[in-house]
Amino acid sequence: MEDEKRIVLCIPGPWEDRSGFVRAVAGASMPSADYLAAGKVMMHGPSKAAFEFDFCDRDESMARAFASAGLVNQLGKDVIDKIATHRSVVYLLSTTPQAKETSISIAKAAAHLIKAGGLGVKVESAGKAFSADQWLELTGSDFVEIYGLMVLDSVSDGTTTYSCGMRNLGLWDSIVSGDEFQAAVKLLRGFNMYQLYESPELLAGQTFGLEAGAPRYRLSVETQQPDADHNLFANPFGMWRLSRLIAN
């Protein structure tokens, strides 16, 4: 499966080598042995969900990468310092088509890797990083707050705001220009959540508003995605542009 069709998570950890990582995965599963890793595959036994993983040596740029991608989650110096102690890095990759269920499954697998020693999670296919505690909090209940985990909805160049990471959910990203930043983030988050939980059939020309009486926006297909040249940020499904309608 090509990278543009995968969810890619980065988990730095204390593992000295691949064998140590495999043992840690099994040890964190005891006594039920829910997760096992072998070769290049990590599997959740009860659901049969499988993920590819790449085990890599220490990356000297990892702390800087987490500091940059962790701004939205306000990762503190203590978290970044802990990331800097890592001995190795595991990249966890989805092996089934991107969808809400796939993203929940891989998010729970990453939570298991934190229990096995992982120091944090960076969603490579969205550009968003979390501390270990943040990731466990968002995956630790029956309802996994998957939008907050997988989507960065505060990217802006000053006049245009757009989301990044809806591809992880098998859905289109969204973009709006001209709106004040916080209002734009609220709009895009509301629209994206509408896609995620209502599964509407969306077509160019349709209109959307957050609520009755709120400004309405017309949908069109965005043909020039801001991250089109970035393999892990570009959305292969597409991007909706929301254009504000002028009231008569």
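Since the model is a prediction, treat every value here as computed from it, not as a measurement. (Residues numbered from 1 in each chain as written. Predicted model: local features only at pLDDT ≥ 70, side-chain atom pairs only at ≥ 80, totals over all residues. Heavy atoms only, no water.)

S.K.: Explain the overall build of the protein chain to me, and be specific about the residues and the numbers.
M.R.: The helix and strand inventory of the protein chain stands at seven helices and 13 strands. Based on the C-alpha atoms only, the size of the protein chain along its principal axes is roughly 65 × 35 × 30 Å. Counting across all 248 residues of the protein chain, residues that qualify as buried make up 47%. Long-range pairs, those at least 24 residues apart, make up 64% of the contacts in the protein chain with a sequence separation of at least 6. A total accessible area of about 12,000 Å² is found for the protein chain, and carbon and sulfur atoms account for 52% of it. Within the protein chain, one finds 23 positive and 30 negative side-chain charges whose respective centroids are separated by 2 Å. (Helix = DSSP H or I, 4+ residues; strand = E, 2+ residues; numbered from the N terminus. Buried < 20%, exposed > 50% of the residue type's maximum accessible area, 1.4 Å probe, protein only. Contact = heavy atoms within 4.5 Å. Areas by Shrake-Rupley, 256 points an atom, 1.4 Å probe, with all protein chains shown as cover. Lys, Arg positive; Asp, Glu negative; His and termini not counted. Charge placed at Lys NZ, Arg CZ, Asp CG, Glu CD.)

S.K.: Tell me about the packing of aromatic side chains, and name the residues and values.
M.R.: Under the defined criterion, the tally for this structure stands at seven aromatic pairs. Look at W15 and F21: their rings are 5.0 Å apart centre to centre, the planes differ by 75°, and that puts the pair in the edge-to-face class. Grouping residues by exposure puts W15 and F21 together as buried. Taken together, the ring pairs in this structure connect W15, F21, F53 and F55 into an aromatic cluster. (Phe/Tyr/Trp six-rings, centres within 6.5 Å; stacked < 30°, edge-to-face > 60°.)

S.K.: Tell me what's going on with helix α1 (residues 18–29), and back it up with residues and numbers.
M.R.: If you check α1, its first and last C-alpha atoms are 17 Å apart, about what 12 residues at 1.5 Å a residue would give, namely 16 Å. When we look at burial in α1, the residues that qualify are G20, F21, A24, V25 and S29. Where α1 is buried, its residues meet β2 (35–38), β4 (49–57), β5 (88–94) and α4 (100–115). (Expected span 1.5 Å × (residues − 1).)

S.K.: Can you lay out the sheet that holds strand β10 (residues 173–177) for me, pointing to particular residues and giving the numbers?
M.R.: One open sheet accounts for six strands, arranged β8-β9-β10-β13-β12-β11; its pairing is mixed. Only two strands of the sheet have a single neighbouring strand rather than two, namely β8 (152–156) and β11 (207–208). In terms of strand pairing, β10 meets strand β13 (residues 239–244) through four bridges, oriented parallel. Across the sheet, residue I175 finds its bridge partner in β13, namely R241. With respect to the sheet, helix α7 (residues 181–198) is in contact with β8, β9 (160–164), β10, β11, β12 (217–221) and β13, its orientation differing from that of β10 by roughly 150°. (Pairing = 2+ DSSP bridges. Axes fitted to C-alpha atoms, helices over the stretch in contact; angles between N-to-C directions.)

S.K.: Lay out unusual backbone geometry with the relevant residues and their values.
M.R.: Its identity is not glycine, yet K48 carries a phi of approximately 65°, on the positive side. Take K48: it is sitting in the loop between β3 (41–44) and β4. Residue class for K48 comes out exposed when judged on its relative accessible area of 61%. Although it is not a glycine, S199 adopts a positive phi angle of roughly 50°. Residue position: S199 is located in the loop between α7 and β11. Overall, the relative accessible area of 58% leaves S199 in the exposed class.

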